[in-house]
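Survey of secondary and tertiary structure
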Amino acid sequence: MDLIKAIIIAIIEGLTEYLPISSTAHMGFTANLMGLEETEFLKMFQVSIQFGAILSVVVAYWKKFFDLNNIQFYFKLAFAVVPALVLGYLFDDKIEAILGNQIAISSVLVLGGVVLLFADKWFKNPTIDDEKGITIKKAVTIGFWQCLAMMPGTSRSAASIIGGMTQGLTRKAAAEFSFFLAVPTMLAVTVYSVFVKTWGKETPNPQKGYEMIMESQDHILIFVVGNVVAFVVALIAIKAFIGVLNKYGFKPWGWYRIFVGIALLIYFYFFK
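All of these numbers come straight from a predicted model, not from anything done at the bench.

1. Some points on helix α13 (residues 251-270)
Spanning 20 residues, α13 covers 29 Å between terminal C-alpha atoms, matching the ideal 28 Å at 1.5 Å per step. Buried within α13 we find W253, G254, R257, I258, V260, G261, L264 and F268. Where the residues of α13 are buried, they touch α2 (23-33), α8 (102-122) and α12 (217-248).

What follows is the structure, encoded as structure tokens:
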């Protein structure tokens, strides 16, 4: 994967991370359409680059993240991230195997779209419009909902936002807590993906025979630039998403998922 293609994937990640349409699915489809080989480095890049986009939340909501007087906020995130850490570790190999199955991911994209068409009708009377109204128990419940996104194509954003709405949160409050929860979740995923699974692992190289993943200068440059691009694009996009979600709800994203999912099913089934 060259730097230009990495930047394109990073832009897609920054634009889609906060939308309930699955950034992982869109990155996978983009890589496939560009003809990229499914290498170990590409798999790692698609997972860990999400941290660049997620880091924009810390900048956009820096007062929240650096408010040491609100210790409960940190406790809520710490407890809420536990389900994803445990289940993600247990099912990591199965999740990675699905990343290359575009038919399965496209199908999940469609099914998730159908759910989003009805989400606004299911949760009509929210009672919590701020993070401070979220209890530890509600935070953990949202954390379990987030685990649904371990199936590529589901969307971590959609799963955790709907999880928040099941706990009485408004769309805005659920979306913001979804953003907050993504920071420790994606930090853990990035550290595990880069430093535990990938660093020092050998991958085939046509010219050299084998090279170490993330120990070549090209890989490190692509990784760093990709995360920076995803961060900048996401920082621009994050505020816009809250406004669109408040005004239009989930239905537009539901129709988008269904349309794109069906189009991709046709493409991957008949032309790939």
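Still more to cover.
2. A look at the UniProt feature "transmembrane region" (unreviewed entry) in the protein
Taken from the UniProt record, the annotation "transmembrane region" (unreviewed entry) applies to residues 41-61, 73-91, 97-119, 140-165, 177-199, 220-242 and 254-271. From the first C-alpha to the last, residues 73-91 spans 28 Å; its make-up is 95% helix and 0% strand. Secondary structure over residues 220-242 splits into 100% helix and 0% strand, and the C-alpha atoms at its two ends are 33 Å apart.

3. As for the packing of helix α4 (residues 50-60) against α12
α12 packs onto α4 with a crossing angle of 50° between their chain directions and a minimal axis gap of 7 Å. Classified by the interaxial angle, the pair formed by α4 and α12 is oblique. Classified by chirality, the crossing of α12 by α4 is right-handed. For the pair α4 and α12, contact is made by F51, G52, A53, L55, S56, V57, V59 and A60 and by N227, A230, F231, A234, L235, I238 and K239, respectively.

4. Looking at the pattern of salt bridges
This model, assessed by the stated rule, comprises 5 salt bridges. With its nearest N and O atoms 3.8 Å apart, the salt bridge here joins R156 to E17. Of this pair, R156 sits in helix α10 (residues 156-166) while E17 sits in the loop between α1 (3-16) and α2, and the two are 139 residues apart along the sequence. Between K76 and E131 there is a salt bridge, with its nearest N and O atoms 3.0 Å apart. Residue K76 is located in helix α6 (residues 71-90), and its partner E131 is located in the loop between α8 and α9 (136-146); the two are separated by 55 residues in the primary sequence. Across the pair, exposure class does not vary: K76 and E131 are buried alike.

How each quantity is defined
Residues numbered from 1 in each chain as written. Predicted model: local features only at pLDDT ≥ 70, side-chain atom pairs only at ≥ 80, totals over all residues. Heavy atoms only, no water. Helix = DSSP H or I, 4+ residues; strand = E, 2+ residues; numbered from the N terminus. Expected span 1.5 Å × (residues − 1). Buried < 20%, exposed > 50% of the residue type's maximum accessible area, 1.4 Å probe, protein only. Contact = heavy atoms within 4.5 Å. UniProt positions renumbered as here; feature names shortened; annotations may be inferred. Axes fitted to C-alpha atoms, helices over the stretch in contact; angles between N-to-C directions. Parallel < 35°, antiparallel > 145°, perpendicular 65-115°, else oblique. Left-handed = near helix turned anticlockwise from the far one by under 90°. Salt bridge = Lys/Arg side-chain N within 4 Å of Asp/Glu carboxyl O.

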